[in-house]
2 protein chains.
Amino acid sequence: MEKVNLAEKFSQFSEYYSPKIAGELNGQMVKLVKFKGPFVWHHHENEDELFYVVKGNFDMEFRDKTVTINEGEFIIVPRGVEHRPNAKEEVHVVLFEPGTTLNTGNVKNEMTLEKLGRV
Amino acid sequence: MEKVNLAEKFSQFSEYYSPKIAGELNGQMVKLVKFKGPFVWHHHENEDELFYVVKGNFDMEFRDKTVTINEGEFIIVPRGVEHRPNAKEEVHVVLFEPGTTLNTGNVKNEMTLEKLGRV
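Nothing here was measured: the structure is a model prediction, and the numbers come from that model.

Engineer: Got a sec to walk through the interface of chain A and chain B? Specific residues and values, please.
Structural biologist: When the parts of a complex come together, some accessible area is lost, and that lost area is often taken as the interface size. Listed by partner, the interface residues are 25 residues for chain A and 25 residues for chain B. When contributions to the side of chain A that touches chain B are tallied by element, the ones reaching two or more residues are strand 1 (4-5), helix 1 (6-10), strand 2 (20-25), strand 6 (66-70), strand 7 (73-77) and strand 8 (84-98) of chain A. As paired strands, strand 7 of chain A and strand 1 (residues 4-5) of chain B are joined by two bridges and run antiparallel to one another. Each bridged residue has a counterpart across the sheet, and for F74 of chain A the counterpart in strand 1 of chain B is V4 of chain B.

Here you go:
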């Protein structure tokens, strides 16, 4: 039962698109991720995903629209919905999602991470 | 798939210890709560609870220690663990917990809320 300071945790890693586990509860995970540039278009078959911005901003691209998520804002992407995060500058994001969630969802490529580190 | 701005949502209500639902995913809920002063000692039989401070700070009291949670910090209280949030000044907190979670856990009193509003 230790508290977690987000800024401190974010200072402990620098690589992009490599979420780190910062907490677990009820089968869900709290992950911290930094990124810049576009990710890969993908969806998650069985998992909804929450993205909360703690520093910077990014565009959540959907096939029919783009939503810019700024500091202090979150968006929930329902399962099955294709999306692609894209950041002009480095952004720090908290993810809430089930422990089973694969970062690239239905797509497997060089960005796919089978195992995540902790922070 | 609309984004949620936390500051904007927090500006829409003022009552203490009355969590508002701001999002749902994977059977979990994102709730926003403002409070000041002590809550009631309680635990949750089957739910872990996350508390994330977006403004202010509060003491999470446990039977054997107290942890002060500041802005930008979170703590996860595992199921079964007795706790009591207590804030000297008004604090704005995001809760992440299963939809089934009752605010006062195993205790039922005048602070118990059977049904939550949305924001």
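Having seen the structure, we can now continue with the description.
Engineer: Outline the environment of L102 of chain A, supporting the account with residue identities and numerical values.
Structural biologist: All names here are of chain A. Residue position: L102 is located in the loop between strand 8 and strand 9 (117-118). When the 17 C-beta atoms within 10 Å are taken as the criterion, L102 is described as partly exposed. L102 sits 57 residues away from E45 along the chain, and the two C-alpha atoms are 10 Å apart.

Engineer: Now, about the pairing of strand 3 (residues 28-38) of chain B: what can you tell me, with residues and values included?
Structural biologist: All names here are of chain B. Where strand 2 (residues 20-25) lies against strand 3, five bridges are found, and the strand directions are antiparallel. Looking across to strand 3, one finds that E24 is bridged to M29. Turn length for the strand 2-strand 3 hairpin, with the two strands adjacent in sequence and antiparallel, is two residues, and the turn residue N26 shows positive phi of about 55 degrees. Sheet analysis places strand 3 next to strand 8 (residues 84-98), joined by 10 bridges and oriented antiparallel. Looking at the pairing, L32 lines up with V94 of strand 8.

Conventions and cut-offs
- Residues numbered from 1 in each chain as written.
- Chains lettered and ligands numbered in written order.
- Predicted model: local features only at pLDDT ≥ 70, side-chain atom pairs only at ≥ 80, totals over all residues.
- Contact = placed C-beta atoms within 7 Å.
- Helix = DSSP H or I, 4+ residues; strand = E, 2+ residues; numbered from the N terminus.
- Pairing = 2+ DSSP bridges.
- Buried ≥ 20, exposed ≤ 12 C-beta atoms within 10 Å, placed from the backbone.

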